[in-house]
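One-letter residues, chain by chain:
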Amino acid sequence: MNLGVDTVRSIPQIVPYTSYVTFLFQISGLVAMETNGSVMSLQDGEKTCLSSVSNETSTRYGSIADSLPTSEPSTVETTVLSPRRSYITVAVLCYVNLINYMDRYTIAGVLLSIQKFFVITDSTSGLLQTVFVCSFIILAPIFGYLGDRYNRKFIMIGGLSVWVVTTLSSSFVTESNFWLLVLLRALVGTGEASYSTIAPTIIGDLFSGAKRTVMISAFYIFIPVGSGLGYIIGSFVAKATGDWRWALRLNPILGSLGLVLLAVLCPNPPRGASDTHGGSTIEHTSYLEDVKYLLKNKSFVWSSLGVTAMAFLTGALAFWTPIFLSRAQVTQGIQPPCITEPCDTSDSYIFGVVTVVTGILGVSLGSTISRRLRDRVPNADPLICAVGMLSSAPCFFAAIVLASTSIPATYVFIGIGETLLSLNWAILADILLYVVVPTRRATAEALQIMVCHLLGDAGSPYLLGAISDALRTYQPDTHVWNLRSLEYSFLLCPFVGVLGGLFFLMTALYITKDRKNAELLAAGTIVTETDSERARLPPQTKTTLCFKFSVL
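Residues numbered from 1 in each chain as written. Predicted model: local features only at pLDDT ≥ 70, side-chain atom pairs only at ≥ 80, totals over all residues. Heavy atoms only, no water.

Naming follows an unreviewed UniProt entry, where the chain appears as SPNS lysolipid transporter 3, sphingosine-1-phosphate (putative) of Hucho hucho. Within the UniProt record for the chain, the comment given under Sequence similarities (unreviewed entry) is "Belongs to the major facilitator superfamily. Spinster (TC 2.A.1.49) family." What the UniProt record of the chain gives under Subcellular location (unreviewed entry) is the line "Membrane". (UniProt positions renumbered as here; feature names shortened; annotations may be inferred.)

Attention now moves to the overall build of the chain. Looking only at helices and strands, one finds 20 helices and nine strands in the chain. Within the span of the chain, comprising 552 residues, buried residues form 57% of the whole. Accessible surface, the chain as shown: approximately 22900 Å² in total, 65% of it carbon and sulfur. (Helix = DSSP H or I, 4+ residues; strand = E, 2+ residues; numbered from the N terminus. Buried < 20%, exposed > 50% of the residue type's maximum accessible area, 1.4 Å probe, protein only. Areas by Shrake-Rupley, 256 points an atom, 1.4 Å probe, with all protein chains shown as cover.)

What follows concerns the side chain of S460. You can see S460 is positioned in helix α18 (residues 460-472). For S460, a relative accessible area of 0% puts it in the buried group. Apart from the residues lying within four places of it in its own chain, the contact partners of S460 are A311, F312, G315 and A316. (Contact = heavy atoms within 4.5 Å.)

Moving on, we get to the packing of aromatic side chains. Taken as a whole and judged by the stated rule, the model has twelve aromatic pairs. The ring centre of F172 lies 4.4 Å from the NZ or CZ of R249, which sits over that ring. When the ring centre of W246 is taken as origin, the NZ or CZ atom of R249, which lies over that ring, is 4.5 Å away. (Phe/Tyr/Trp six-rings, centres within 6.5 Å; stacked < 30°, edge-to-face > 60°. Lys NZ or Arg CZ within 6 Å of the ring centre and 35° of its normal.)

The next thing to look at is helix α11 (residues 287-295). Turning to α11, its buried residues number three or more, namely D290, V291, Y293 and L294. One face of α11 carries all of its buried residues, which in axial projection span an arc of 160 degrees. In α11, those exposed residues whose orientation departs by more than 90 degrees from the buried face are L288 and L295. On its buried face, α11 sits against α12 (298-332), α16 (424-435), α17 (441-457) and α20 (492-522). (Arc of directions from axis to C-beta.)

Counting across every chain of the model gives nine salt bridges. Residue R374 pairs with D381 through a salt bridge whose shortest N-O separation is 3.1 Å. Given a relative accessible area of 1%, D381 falls into the buried group. Across the pair K513 and D514 runs a salt bridge, and its minimum N-O distance is 3.2 Å. (Salt bridge = Lys/Arg side-chain N within 4 Å of Asp/Glu carboxyl O.)

Between two packed helices, the angle of one axis relative to the other and the distance separating the axes together describe the packing. Orientation of helix α5 (residues 122-147) relative to helix α7 (residues 178-206), taken along the N-to-C sense of each, is 35 degrees, at an axis distance of 6 Å. Relative to α7, the crossing made by α5 is right-handed. Of the residues assigned to the contact of α5 with α7, the class counts are 16 nonpolar, nine polar and two charged. (Axes fitted to C-alpha atoms, helices over the stretch in contact; angles between N-to-C directions. Left-handed = near helix turned anticlockwise from the far one by under 90°. Nonpolar A, V, L, I, M, F, W, Y, C, P; charged D, E, K, R; others polar.)

Where helix α14 (residues 380-402) contacts helix α15 (residues 407-422), the axes come no closer than 8 Å and their chain directions differ by 165 degrees. Taken together, the axes of α14 and α15 are roughly antiparallel relative to one another. The interaxial crossing formed by α14 with α15 has left-handed handedness. Facing α14, whose interface residues are G388, M389, S391, S392, C395, F396, A398, A399 and L402, α15 presents A409, T410, F413, I414, I416, G417, E418, L420 and L421. (Parallel < 35°, antiparallel > 145°, perpendicular 65-115°, else oblique.)

In this section: a nonpolar patch on the surface. On the surface, a nonpolar cluster with roughly 440 Å² of combined accessible area is contributed by L383, L390, V498, L499, L502 and L505. With four residues, the top contributor of residues to the nonpolar patch is α20. Mapped onto the secondary structure, L502 falls in helix α20. (Patch = residues over 30% accessible without salt bridge, like charges linked within 9 Å, V, L, I, M, F, W, Y side chains within 5 Å.)

L93, F118 and F490 are the most contacted members of the largest nonpolar core, which has 125 residues in total. Here this core gathers at least three residues from each of two domains, domain 1 (81-272) and domain 2 (292-527). Sequence-distant contacts of L93, that is, excluding residues within four places in its chain, are made with M156, Y195, A199, I202, I203, F219, L262 and C266. (Core = buried A, V, L, I, M, F, W, Y, C linked by side-chain atoms within 4.5 Å. Domains from an automatic or database assignment.)

In this model, V119 sits at a positive phi of 55 degrees, which is unusual for a non-glycine residue. Structurally, V119 can be placed in the loop between α4 (111-118) and α5.

Turning next to the side chain of N297. Among the secondary structure elements, N297 is positioned in the loop between α11 and α12. Take N297: its relative accessible area is 4%, and that puts it in the buried class. One polar contact links the side chain of N297 to the main-chain carbonyl oxygen of V435, over a distance of 2.7 Å. The residues touching N297, leaving out its near neighbours within four places in the chain, are V435, V436 and D514. (Polar contact = N/O pair within 3.5 Å; in protein donor to acceptor, adjacent residues only side chain to side chain.)

In this fold, A309 is placed in helix α12. Overall, the relative accessible area of 5% leaves A309 in the buried class. It is 6.1 Å that separates the C-alpha atoms of A309 and G456, two residues lying 147 residues apart in sequence. Other than its neighbours up to four places away in sequence, A309 contacts M389, V496 and G500.

Time to look at the environment of L248. If you trace the backbone, L248 turns up in helix α10 (residues 245-265). Along the backbone, L248 and S170 are 78 residues apart, and their C-alpha atoms lie at a distance of 7.6 Å. Those residues in contact with L248 that sit more than four places away from it in its chain are T106, I107, T167, S170 and S171.

Shown next as structure tokens:
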């Protein structure tokens with residue numbers, strides 16, 4: 001005997017409510033009950049049923065509600081931070097971000113001296129960046145998982161403490177222990193993985209809308225600024241002291257100050273506070289469920305592929321450009337070749353200045369264009385990223401080809417290309433924040449970091465160095481061929497840039513829908529698996545039991 005749903009719904013007219021509930025749970029079969037305004041989709045094509053309880057709100061899988069349910073306990077976060085405290089927090093996070101990227105590219109700024117000190121080839125030199133990024137890849141998902149579930153402030157403090165110790169230790173490695181330097185550079189990735197994964201999610205929880213875009217822009221503008229200062233300060237300190245290792249000792253000192261500021265001034269804001277005006281009830285889900293959700297988010301997937309192409313391009317250019325320009329000047333007779341360290345680091349200094357200026361200009365311009373176009377063009381953000389990537393590719397191609405004949409022209413095209421590429425930094429972070437629900441943002445940051453570094457700048461410095469070493473075997477020990485071998489390996493970068501632009505164009509096709517879905521989930525509205533099936537619960541209804549059962 002099979003009882004349909006309509007038959008069961010008639011029971012309350014015959015028996016008292018309590019007897020009705022007892023009757024339901026005594027019947028063999030599947031009984032499904034949700035009392036907090038959520039949705040449950042039954043298998044085998046059953047109807048979707050909505051239910052809620054008066055004065056209660058949903059704690060739907062991955063969603064956020066505005067008030068506390070009266071039944072089962074949940075993770076409650078209700079702290080409201082003042083605007084002044086929020087701005088101070090962003091300032092501290094920006095400072096630590098600056099130091100992180102200064103340290104990342106200080107090695108590149110003194111790479112020529114490191115090559116002479118340890119007597120290593122191009123491919124071996126590339127390992128210094130590759131192992132750092134590889135540890136970053138391994139640890140980012142772990143910190144992403146922890147960042148969505150535990151105190152984010154304590155996680156960042158722990159990671160940055162490891163970063164300070166390992167960075168300082170790497171400056172004391174002797175010339176016979178190059179592989180110890182490689183190991184310590186790998187451990188440096190611990191601090192950056194904890195910080196880069198979690199810090200943007202804290203900003204996302206402090207601000208929303210246009211303010212979030214501005215704050216994210218302020219945070220990400222320190223990526224090119226920090227990178228450029230890494231070249232500038234690294235080359236300046238190495239030249240002033242006559243020892244490249246002192247360039248590595250400055251960053252831990254500045255990082256220690258950032259660690260203190262982080263511990264004293266930064267809070268751990270409620271997850272999703274900016275989306276729910278200060279308070280939220282959050283139901284955490286398993287890591288596997290979070291990953292499944294993100295893989296179904298097409299905007300997240302395609303934008304992550306675009307970020308990967310961008311990471312490949314920037315990683316290779318940032319690591320090898322100073323040496324490439326130095327070899328170009330040696331070939332033209334502008335400067336003599338470096339025989340013993342310390343080597344001339346003027347190219348690192350100039351490249352650092354160009355990176356800082358173009359970074360500030362590009363990030364500011366990109367965020368401004370995004371704010372002005374977003375209301376009129378819903379998919380403006382990925383389109384801006386696509387234009388930036390596609391336009392920068394021919395600029396970098398021209399810079400690579402012209403290096404052997406004109407250094408000024410090379411710097412001009414590098415500046416234009418970096419400006420176009422920097423349009424994307426703040427926009428990319430904002431895309432992730434508004435297409436992913438707050439309870440999964442740290443996981444999303446971690447997965448995106450893992451993918452973009454694994455397939456991007458983890459391998460690009462080593463790959464270009466390996467190609468250069470392979471080509472140099474045809475005409476070894478000639479200055480012209482030393483330049484040409486690195487030039488030919490560099491030509492891979494513009495093609496990857498074009499590929500990244502195409503990935504962002506694909507993102508533009510899905511971003512409007514995915515952003516709306518994330519907003520509905522954050523507001524407590526249920527979005528079903530099918531795009532056309534959406535339901536929003538009325539604020540107050542009586543409890544309804546939805547089930548399927550059979551009596552044999």
